Amino acid sequence: MKITSTLFFAGILLSLLLIGCQSEPNSPDQNNFLNDQVSFETVDTDLALMKDGGMRLDSAAGVFSIGWNEMFRPFMDSAEVKGMAFAVAFGERETDLPHFKKFGLDMGDVLINYTGNHIELHKRFHERRGTAYSLFKRPFGHSDNLLEYIPNTEYHFEVTGSEYFEPITITLTSPSALMNITSPTFGEVINPAEDLTINWEGGNEGKVGIRLMPDFRHRRGHDGGPGGGNGGPGPNQNPPMHRVIFIILETNTGTYAFSGEQIQELLNGIPANGLRAEVSQMDFGEVEHENGTLRTAMRNGNSVMMRIQQ
């Protein structure tokens, strides 16, 4: 298995650290520039992962995505179900991002409606990237009102439209069961020289993405819960975003094993004291619009942090 370099995660981490140092956790009006930058970089990262998962991103006129406990959210360890979303329509002008390549068009307002709930996505603007709409929990955004997970339920993107984008309603249906890693458990101590088997339940029958990456944070949790501590790397430690094993299974097998050799190669030469495993599903669809084909994604995932035997 090839270890893939993902340096764009490091840029997100740096922006998050700046926000953490400069703003109060409940002051959404502060540091709007940094919040907008992080939101765009998070959308860019999500677009990259969906492209790796099979989405035909290059021919898309826009992307509308909902994610439940989705992977690639390395700072979130609570058991709370988090429903996040984003929407973007692409213009013609080039941007400075590798996957959010085209300038984001103003679509008016974008809301998600379901079972009597109406949640408006935050409208972001960047002079070199255009407009994007996001519903991301801190530190990837400042949305406190996230989506509630209801199985087999229709969630409607309501786009009010603008001179650049005609109004449209896009419907996505939530999965019957969210993915849940059953073993190993949070805080479990593993031997990095041995094979590591990840087992999970839930999700649909389609493809499954799996990621394994180093972690530098001490975990003191017990009874399967996440540990304490401030969650940050030590003063001489690099962030874990620069190494990752990412694979895609064609079917939802419910289990996958990483070899001890893979783990040794992943950890070689870095001071990691933990590993993070994540599983995710991405159900793709498409909707026709005056601007072209809009891609949709309903995603859900789960993660677990493990300690390395010293």
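Preceding block: the structure.
Just so it is clear, the model here is predicted, and its values are computed rather than measured.

A. Inspection of the pattern of salt bridges at higher detail. By the definition in use, this model includes eight salt bridges. Through salt bridges with shared partners, one network takes in R56, E286 and R295.

B. Representation of the sheet that holds strand β12 (residues 196-201) in the model. Here three strands make up an open sheet; going across it, the order is β10-β12-β15 and the pairing antiparallel. The sheet is open, and its two edges are formed by β10 (180-183) and β15 (255-258), each paired on a single side. Ignoring strand direction, the axes of neighbouring strands in this sheet form an average angle of 30 degrees. The sheet contact formed by β12 and β15 spans four bridges and is antiparallel. For L196, the partnering residue across the bridge sits in β15 and is F258.

C. View of the pairing of strand β8 (residues 154-159). Residues Y155, F157 and V159 of β8 are buried on one face, while the alternating residues E154, H156 and E158, pointing to the opposite face, are not. Inspection of the sheet shows strand β4 (residues 110-114) paired to β8 by four bridges, in the antiparallel sense. Within β8, the position partnered with L111 by the bridge is E158. Here β8 runs beside strand β9 (residues 168-173); their pairing, made up of six bridges, is antiparallel. Bridged to F157 within β9 is I170.

D. Structural context of the nonpolar core. Residues V63, F64, I66, M107, I112, L147 and F157 are the most contacted members of the largest nonpolar core, which totals 43 residues. At the level of elements, α2 (32-52), β1 (62-68), β2 (83-94), β4, β7 (130-135), β8, β9 and β17 (292-308) are the ones that each hand at least two residues to this core. No other element matches β2, which puts seven residues into this core. Among the nonpolar cores identified, the runner-up in size contains 28 residues, and M179, F186, L196 and I245 belong to it.

Conventions and cut-offs
Residues numbered from 1 in each chain as written. Predicted model: local features only at pLDDT ≥ 70, side-chain atom pairs only at ≥ 80, totals over all residues. Heavy atoms only, no water. Salt bridge = Lys/Arg side-chain N within 4 Å of Asp/Glu carboxyl O. Pairing = 2+ DSSP bridges. Helix = DSSP H or I, 4+ residues; strand = E, 2+ residues; numbered from the N terminus. Axes fitted to C-alpha atoms, helices over the stretch in contact; angles between N-to-C directions. Buried < 20%, exposed > 50% of the residue type's maximum accessible area, 1.4 Å probe, protein only. Core = buried A, V, L, I, M, F, W, Y, C linked by side-chain atoms within 4.5 Å.

Spatial relationships are all this shows, so hold off on functional conclusions.
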